[in-house]
Amino acid sequence: MPSVCFYFQVHQPFRLRHYTVFDKSGNYFDEFKNASICRKVANKCYLPSNRLLLKMIRRYEGRFKVSFSITGVVIEQFQKYCPEVISTFDALAETGCVEFIAETYYHSLSFLYSRNEFFEQIQKHIELMQKLWGQTPRIFRNTELIYNNQLAETIESLNQFDAVITEGADRILGHRNANFVYRPPNCKHLKLLLKNYSLSDDIAFRFSNRGWEEWPLDAPKFARWIDQINGCGHTVNLFMDYETFGEHQWEDTGIFDFMYHLPEYILRHPDNNFMTPSEVVRTYPVMDVVDVPHVISWADMERDLSAWLGNAMQSNALHEVYKMEKLVKQTQDPQIIEDWRKLLTSDHFYYMCTKYFSDGDVHKYFNPYESPYDSYINYMNVLNHLRERCKQALTQQTVSEQAS
């Protein structure tokens with residue numbers, strides 16, 4: 001065998017509006033732009049892709065399965081701007097062939113800066129999955145697949161998860177490949193599922209590249225590549241952004257036809273099947289321990305933290321926003337806490353990235369700024385205003401307490 005395990009990441013941040021040092025409003029987010037982008041991507045990707053997956057699940061009578069990690073912030077935008085997307089996820093959940101994965105609600109880098117905030121965001125996301133689709137996630141993925149041994153130990157200590165998903169980077173695998181179930185060192189129960197980045201990126205990044213020697217990619221060819229893993233792997237973990245379908249790879253590239261026909265060719269081999277991440281970790285044994293002492297991610301060619309922490313602007317912005325955590329939470333003001341948490345979303349720091357060479361096109365996607373410097377200045381203006389709101393709220397609290 002191998003089992004094909006699809007996992008799709010669904011995320012859109014709350015983008016900031018243009019905000020100067022002279023602004024006094026506590027309204028930081030660009031309502032028009034966020035609504036426009038959400039509806040645009042919904043019409044090009046989320047709605048047609050969900051309907052396609054539903055059709056495929058019904059066609060194969062439960063033999064085709066997928067999994068999703070959907071951030072809390074994109075769900076809030078669906079509920080606000082495009083509620084029909086939620087309805088289509090409802091329909092997928094009802095099939096029993098879709099697994100929902102846990103992550104940080106705000107798609108944040110909180111694991112690197114605040115464990116308390118990290119735990120609170122995971123719990124908030126789990127509660128949302130339970131409320132919407134009646135599932136308590138057993139698989140965890142950290143923002144942008146950021147991972148190391150310490151994250152694995154932290155997740156195991158929660159005693160809520162069976163496995164963690166991360167990137168199958170060559171430098172952590174050595175002579176091994178990503179097509180087996182592994183275990184992190186110092187973990188007794190937690191398992192590790194690694195992305196097959198080569199086959200995943202063939203779909204996510206190279207599918208429409210006419211300069212690629214394998215173009216055009218069709219379902220029979222991709223299924224043959226899956227068949228070749230027979231005998232040297234248990235699972236093929238195909239992890240990618242859901243926006244691959246219809247947004248990154250437009251409909252006229254044939255991406256939807258490719259996806260629709262893929263199960264037909266993969267299931268022609270009697271040893272192949274589709275599994276969710278939980279089914280994979282229940283079915284296959286741990287083959288080895290994978291030691292990841294240094295942080296990895298699925299971003300850019302480097303697969304490290306340089307997309308969010310590669311320059312002084314990013315480092316400063318992250319340091320300043322997490323430094324405000326105690327002040328923000330002392331206010332006990334739900335709106336201030338909510339605004340602060342939306343500022344933790346990793347995209348804000350991604351927009352400040354100055355790696356505009358091989359990875360530049362990726363960083364410009366959905367980026368509302370002319371330059372990383374504009375992004376940094378805008379972000380810091382918002383942060384300074386939020387800090388003043390915190391101080392005002394605490395002053396009012398003190399006055400109220402003294403008056404009573």
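Now for a look at the structure at hand. (Residues numbered from 1 in each chain as written. Predicted model: local features only at pLDDT ≥ 70, side-chain atom pairs only at ≥ 80, totals over all residues. Heavy atoms only, no water.)

Another point: the overall build of the chain. Assigned secondary structure in the chain consists of 18 helices and 10 strands. For 404 residues, the compact-globule estimate of 2.2 N^0.38 gives 22 Å, and the chain sits close to it at 22 Å. Its C-alpha atoms give the chain principal-axis dimensions of about 75 × 45 × 40 Å. A burial count over the chain gives 61% of its 404 residues as buried. Here the contacts in the chain between residues at least 6 apart in sequence split such that 77% fall between residues at least 24 apart. (Helix = DSSP H or I, 4+ residues; strand = E, 2+ residues; numbered from the N terminus. Rg over C-alpha atoms; globule rule 2.2 N^0.38 Å. Buried < 20%, exposed > 50% of the residue type's maximum accessible area, 1.4 Å probe, protein only. Contact = heavy atoms within 4.5 Å.)

To continue, consider the pattern of salt bridges. Applying the stated criterion to the full structure yields 27 salt bridges. Between Lys342 and Glu338 there is a salt bridge whose closest N-O contact spans 3.7 Å. Placement of both Lys342 and Glu338 in helix H15 (residues 334-342) is noted, with a separation of 4 residues, approximately one turn of the helix. The pair formed by Lys342 and Glu338 is uniform in burial state, with each residue classed as buried. Between Lys391 and Glu388 there is a salt bridge, with its nearest N and O atoms 3.8 Å apart. Taken as a pair, Lys391 and Glu388 lie in helix H18 (residues 372-403) at a separation of 3 residues, close to a single helical turn. Here the residues in one salt-bridge network are Glu117, Glu120, Glu325, Lys329 and Arg341, joined through shared partners. (Salt bridge = Lys/Arg side-chain N within 4 Å of Asp/Glu carboxyl O.)

A word on the nonpolar core. One finds Phe6, Phe68 and Phe89 to be the most contacted residues of the largest nonpolar core, which totals 102 residues. The element that contributes the greatest number of residues to this core is helix H1 (residues 31-59), accounting for 13 residues. If we skip the residues at most four places from it in the chain, Phe89 touches Val10, Asn50, Phe68, Ile70, Phe78, Phe100, Trp133 and Tyr242. Ranked by size, the runner-up nonpolar core spans 25 residues in total, among them Ala152, Leu173, Ala178 and Tyr182. (Core = buried A, V, L, I, M, F, W, Y, C linked by side-chain atoms within 4.5 Å.)

Counting through the fold element by element, Arg303 comes out in the loop between strand E10 (286-289) and helix H12 (306-309). Within the structure, Arg303 has its side chain in polar contact with the side chain of Glu167 (distance 2.6 Å). In this structure, Arg303 is in contact with Glu167, Ala169, Arg171, Tyr197, Asp201, Ile296 and Ser297, ignoring residues within four places of it in sequence. (Polar contact = N/O pair within 3.5 Å; in protein donor to acceptor, adjacent residues only side chain to side chain.)

What follows covers the packing of aromatic side chains. Each aromatic ring pair is specified by the distance between its two centres and by the angle formed by the two planes. Applying the stated criterion across every chain, the model contains 35 aromatic pairs. Taken together, a centroid distance of 5.7 Å and an interplanar angle of 50° make the contact between Phe8 and Phe68 tilted. Note that Phe8 is positioned in strand E1 (residues 3-10) and Phe68 in strand E2 (residues 66-70), a separation of 60 residues in sequence. A relative accessible area of 0% places Phe8 in the buried class. Judged by relative accessible area, which is 0%, Phe68 ranks as buried. Here Phe8 and Phe245 contribute two aromatic rings whose centre-to-centre distance is 5.6 Å and whose plane-to-plane angle is 85°, an arrangement assigned as edge-to-face. Of this pair, Phe8 sits in strand E1 while Phe245 sits in the loop between strand E8 (235-241) and helix H10 (255-266), and the two are 237 residues apart along the sequence. Residue Phe8 shares its accessibility class with Phe245, and that shared class is buried. Grouped by ring-pair contacts, the aromatic residues Phe6, Phe8, Tyr46, Phe64, Phe68, Phe78, Phe89, Phe100, Trp133, Tyr242, Phe245 and Phe274 constitute a single cluster. The ring of Tyr197 carries the charged tip of Arg303 above its face, separated from the ring centre by 4.3 Å. (Phe/Tyr/Trp six-rings, centres within 6.5 Å; stacked < 30°, edge-to-face > 60°. Lys NZ or Arg CZ within 6 Å of the ring centre and 35° of its normal.)

Without other data, these values stay purely geometric and don't point to any function.
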